[in-house]
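The primary structure of each chain is shown beneath.
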Amino acid sequence: MVFTRRPAAVLTAIVAACAMAISLTACTTDANSQDTADDRTTVTSSAPGVVAMFTPSDGITLNQQTPLNKWAKLTPNLTKALTSAGFKKGDISHTTSDSLDKQSRAIQDYVVNHLSGSNTTDDAGIVISPDNITLLVAPVVEADASTRQYGDYVSQELSTADTAEGSDSTDSSDSSNSSDSSDSSTGSDSTDDSSSDASKTVGDSKNAAQAEAVDRLVSSLKLAKESGMHVVLMGNSIKGYKPDAFVKFSDAQAIGKLQAEKIVSKLELSKASKDNPKHIEVLMPYTAVDESGEASDSTFVQEAFRGIWQVLGAYYQKGVVESPSGTLNGNSTEDDWQSVAYDASKEGSTAKVLDARLAKADEHASPTRIDGIIAMNDYIASEVVTELDDLGYTGSAADINPQITISGIVGNITGKKDLSRSDVPDPIKSPEKDDSADSTDSADTQDDSTATDKTDKTKDSQWPLVTGYGAYVSNIPSIVNGKQWMTGIEDRQTLAENIAEACALLNKGQTLTSMSSVRNTEVGGKKKVPTISGPLLAVSASNLKVTLIDPGYISLADAGL
């Protein structure tokens, strides 16, 4: 009897325990949260939850010239936007890493620690459920010196495909070298093989470490999503991986397209004619060889030129735009990026290239007429401004619109008055091609010829429009005085607000379809990924106050005021 009663008693106890658990669950549902035995509470769907940011360490820009498109500039905007969206400061963390290896390990540790229960509460003793956690991850990608000049947000794709292909080619090359070595009988060949093998060993080791870091990162992010966490990739995608959302920053094509579009608008190319074409030079700086001595990836410069040519190509083909150097013409295509590309890693290379493209017919001739120069980024633009001054060009971009003066620009920036703009007066035919004077008498013709000659020389030496990108603080004074006409920047504050809204929605288990800044795109080869994006901001003297000073991106002192 004793043995038959014990199971019954145990069963009764289990039933009672289950009933109590159900009762406690109901209480928890009604109260929205319930204190546990160790005085901890569980985050519910009504709470914003937690956001963990993982970004690359800021890259080093040449000569310490600093673009505003930096991770260190974005994260304070993000933190502010997240707190405005209801997140507690203690629930927002930020980790920076200078390599993908370190970043992948940091993310792995974060995910594992939270899932293992070793780091599941905040300072207030709140138990953090995985579905109330969003990881904001900007994968660390390697960028050469010329790419870093555009800032930290330029979108790139992280992939292991090149590593695999590199390994295959290396194996084949090693086999070939081994065969060549056995056939060779000279000491120099043996030395060359040894040097080559050593270089390949270093390259293989680097590729293997990169592949391992990518695998670790992807595995950690997949584990996070499977556990209920949300993953939002920022800037850089990962081939084959589908995040919950993606934040698209500027890419090479968008940067090139922005500058080309502004040139078209300012020079009114739609009204230009073959008899009086506009003269535009395109500079495509890039790094030809990387730090290891291997040929650099030229994808960025190719895409940037493609963006430019999609806008300017038609005008070159119509003959209303010419390149003084002849590097581009009506027969050029978007694949002719090498015609205007040059290795910007060499000191003084920009000055040499511009000097060659704008070379005078002889030492007594006036400067070569040029209406616009697309310099791609502010670092190159600053070198262009210096060289133009050395070549004898005078005035500023403000001269293109006679009603805009430097004092007027300064007054607008300091809030004293608004700018009024008018169309640029420009004849359909250039003076040298206008034969209307043929019907006048010889004296008048001679006077007109003298006047025309003076006008031509003034026109030839007129300062052109110079474009850039990155909103370098060191370049802002040049924008104010009109030497550099425009630059570009990400709308950081708006992007930060949109990212914060997305994090709040994801942590509440809601979709992002209600956000106007979100649309589905293909990311990393995966379709229908909710993508947050916004237009780039074009900044010139006329709107510098609204775009940079008012939002707090720069101060009046930064603008030289």
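Asker: Explain the overall build of the chain to me, please; I cannot follow it from the model alone.
Answerer: Of regular secondary structure, the chain possesses 15 helices and 19 strands. Out of the 561 residues belonging to the chain, those deemed buried represent 43%. Sequence separation of 24 or more characterises 74% of the internal contacts of the chain that already satisfy a separation of 6 or more. On the chain, roughly 27,400 Å² of surface is accessible, and the fraction owed to carbon and sulfur atoms is 49%.

Asker: Explain the packing of aromatic side chains here, please?
Answerer: The geometry of an aromatic ring pair is captured by two quantities: the separation of the ring centres and the angle between the planes. All told, the structure shown has eight aromatic pairs when counted by the stated rule. Ring centres of W309 and Y316 lie 5.3 Å apart, and the angle between their planes is 25°; this geometry places the pair in the stacked category. Across this residue pair, the class does not change: W309 and Y316 are buried. Taken together, W71, Y153 and F249 form an aromatic cluster joined through their ring pairs. Above the face of the Y315 ring, K318 is positioned so that its terminal group lies 5.7 Å from the ring centre.

Asker: Looking at this structure, I do not really get helix α9 (residues 349-357). What am I missing?
Answerer: Along an α-helix, residues three or four positions apart point the same way, because every turn accommodates 3.6 residues. By the burial criterion, the buried members of α9 are S349, T350, V353, L354 and R357. Around the axis of α9, the buried residues are gathered within 125° of arc, so they sit on the same side. Residues of α9 that are exposed and point more than 90 degrees away from the buried face comprise K352 and A356.

Asker: What is the right way to look at the confidence of the model for the chain in this model?
Answerer: Low pLDDT means the predicted coordinates in that region are not meant to be read closely. Residues of the chain with pLDDT of at least 70 account for 71%, and the chain-wide mean is 79. Model confidence for the chain, summarised as mean pLDDT per element, is weakest for helix α1 (residues 2-31) at 40 and strongest for strand β14 (residues 372-374) at 98. Within the model, pLDDT remains below 50 along residues 161-188, and this stretch shows 13 contacts once partners closer than five positions in the same chain are excluded. Across residues 436-440, confidence stays below pLDDT 50; counting only partners more than four residues off in sequence or on other chains, it has two contacts.

Asker: Help me understand a positive patch on the surface in this model?
Answerer: There is a patch of like positive charges on the surface, built from K222, K242, K526, K527 and K528. The element that contributes the greatest number of residues to the positive patch is strand β18 (residues 526-532), accounting for three residues. Counting through the fold element by element, K222 comes out in helix α6 (residues 187-227). The partly exposed category is assigned to K222, whose relative accessible area is 44%.

Asker: Looking at this structure, how should I read the pairing of strand β16 (residues 486-489)?
Answerer: On β16, burial covers both faces: M486 and G488 on one face and T487 and I489 on the other are all buried. Sheet topology note: the β16/strand β19 (residues 537-540) ladder contains four bridges and is antiparallel. By the bridge assignment, T487 is partnered in β19 with V539.

Parameters at a glance
Residues numbered from 1 in each chain as written. Predicted model: local features only at pLDDT ≥ 70, side-chain atom pairs only at ≥ 80, totals over all residues. Heavy atoms only, no water. Helix = DSSP H or I, 4+ residues; strand = E, 2+ residues; numbered from the N terminus. Buried < 20%, exposed > 50% of the residue type's maximum accessible area, 1.4 Å probe, protein only. Contact = heavy atoms within 4.5 Å. Areas by Shrake-Rupley, 256 points an atom, 1.4 Å probe, with all protein chains shown as cover. Phe/Tyr/Trp six-rings, centres within 6.5 Å; stacked < 30°, edge-to-face > 60°. Lys NZ or Arg CZ within 6 Å of the ring centre and 35° of its normal. Arc of directions from axis to C-beta. pLDDT = per-residue confidence, 0-100. Patch = residues over 30% accessible without salt bridge, like charges linked within 9 Å, V, L, I, M, F, W, Y side chains within 5 Å. Salt bridge = Lys/Arg side-chain N within 4 Å of Asp/Glu carboxyl O. Lys, Arg positive; Asp, Glu negative; His and termini not counted. Charge placed at Lys NZ, Arg CZ, Asp CG, Glu CD. Pairing = 2+ DSSP bridges.

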